[in-house]
Amino acid sequence: CTPPLLSATWFGSSERALATATAINFNQVGIATAFIVGGLMANSPEGMHAYFDVLACVSIAAAAATALLFRDRPETPPSASAAAAAA
């Protein structure tokens, strides 16, 4: 799901720009965090294995939370344009 599609589905028209910008920027924050944590942990073969274990655990937790908690769309559309798109 792309940030603009996510914003159009879940946010009203006055909130979409902020929601899209936040989603795009936090993608970059996640990439930067992976580089920083990886650089700190992966300085030996054991550290590399520990780093991959951390990545695996975080990824599994995020996937499980998404599968269990995230709905396809909100119960009530946030705007008239979202209602028209859902119809």
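Note: the structure precedes this text.
Reference entry: report on the structure contained in this document. From a predicted model like this one, the values you see are computed outputs, not experimental measurements.

Looking now at the overall build of the protein chain. Across its full length, the protein chain carries 4 helices and 0 strands. When the helices and strands of the protein chain are placed in sequence order, the string is α-α-α-α. The C-alpha atoms of the protein chain give 18 Å as radius of gyration, which overshoots the globular expectation for 87 residues (12 Å, by more than 25%). The dimensions of the protein chain, computed from C-alpha atoms along their principal axes, are 55 × 25 × 10 Å. Counting every position in the protein chain, which comprises 87 residues, the buried fraction comes to 14%. Of the contacts formed within the protein chain by residues at least 6 apart in sequence, a portion of 49% connects residues at least 24 apart. Just so you have it, the protein chain exposes about 6400 Å², and 70% of that area is on carbon and sulfur atoms.

Moving on: the layout of surface pockets. Estimated volume of the largest pocket: approximately 150 Å³. Counting residues per element, the ones that place at least two in the lining of the largest pocket are α1 (3–10) and α4 (80–86). Per-element tally for the lining of the largest pocket: the top contributor is α4, with 4 residues. Class assignment of the residues belonging to the lining of the largest pocket gives a composition of 8 nonpolar, 2 polar and 1 charged.

Another point: the pattern of salt bridges. A full pass over the atoms with the stated rule returns 1 salt bridge. Two residues, Glu 75 and Arg 71, come together in a salt bridge whose shortest N-O distance is 4.0 Å.

A cluster of nonpolar side chains, namely Met 48, Phe 52 and Leu 55, defines an oily patch on the protein surface of about 260 Å² accessible area. Here Phe 52 shows up in helix α3 (residues 45–69). With relative accessibility at 45%, the residue Phe 52 sits in the partly exposed group.

Tallied over the full model, the rule gives 2 aromatic pairs. Here Trp 10 and Phe 70 contribute two aromatic rings whose centre-to-centre distance is 5.5 Å and whose plane-to-plane angle is 40°, an arrangement assigned as tilted. On the criterion of sequence distance, the pair formed by Trp 10 in helix α1 and Phe 70 in the loop between α3 and α4 is long-range, its members being 60 residues apart. We classify Phe 70 as partly exposed; its relative accessible area is 48%.

Between α1 and helix α2 (residues 16–41), whose axes approach to 9 Å, the crossing angle comes to 140°. One way to sum up the angle between α1 and α2 is to call them oblique. The two elements α1 and α2 meet at a crossing, and its hand is right-handed. Residues Pro 3, Pro 4, Ser 7 and Ala 8 of α1 pack against Arg 16, Ala 19, Thr 20, Ala 23 and Ile 24 of α2.

Rules used throughout
- Residues numbered from 1 in each chain as written.
- Predicted model: local features only at pLDDT ≥ 70, side-chain atom pairs only at ≥ 80, totals over all residues.
- Heavy atoms only, no water.
- Helix = DSSP H or I, 4+ residues; strand = E, 2+ residues; numbered from the N terminus.
- Rg over C-alpha atoms; globule rule 2.2 N^0.38 Å.
- Buried < 20%, exposed > 50% of the residue type's maximum accessible area, 1.4 Å probe, protein only.
- Contact = heavy atoms within 4.5 Å.
- Areas by Shrake-Rupley, 256 points an atom, 1.4 Å probe, with all protein chains shown as cover.
- 1 Å grid on protein atoms, 1.4 Å probe; cavity = no way out; pocket = protein on both sides within 12 Å on 5 of 7 lines; lining within 4 Å.
- Points joined across faces, edges and corners; volume = space filled by probe spheres on them.
- Nonpolar A, V, L, I, M, F, W, Y, C, P; charged D, E, K, R; others polar.
- Salt bridge = Lys/Arg side-chain N within 4 Å of Asp/Glu carboxyl O.
- Patch = residues over 30% accessible without salt bridge, like charges linked within 9 Å, V, L, I, M, F, W, Y side chains within 5 Å.
- Phe/Tyr/Trp six-rings, centres within 6.5 Å; stacked < 30°, edge-to-face > 60°.
- Axes fitted to C-alpha atoms, helices over the stretch in contact; angles between N-to-C directions.
- Parallel < 35°, antiparallel > 145°, perpendicular 65-115°, else oblique.
- Left-handed = near helix turned anticlockwise from the far one by under 90°.

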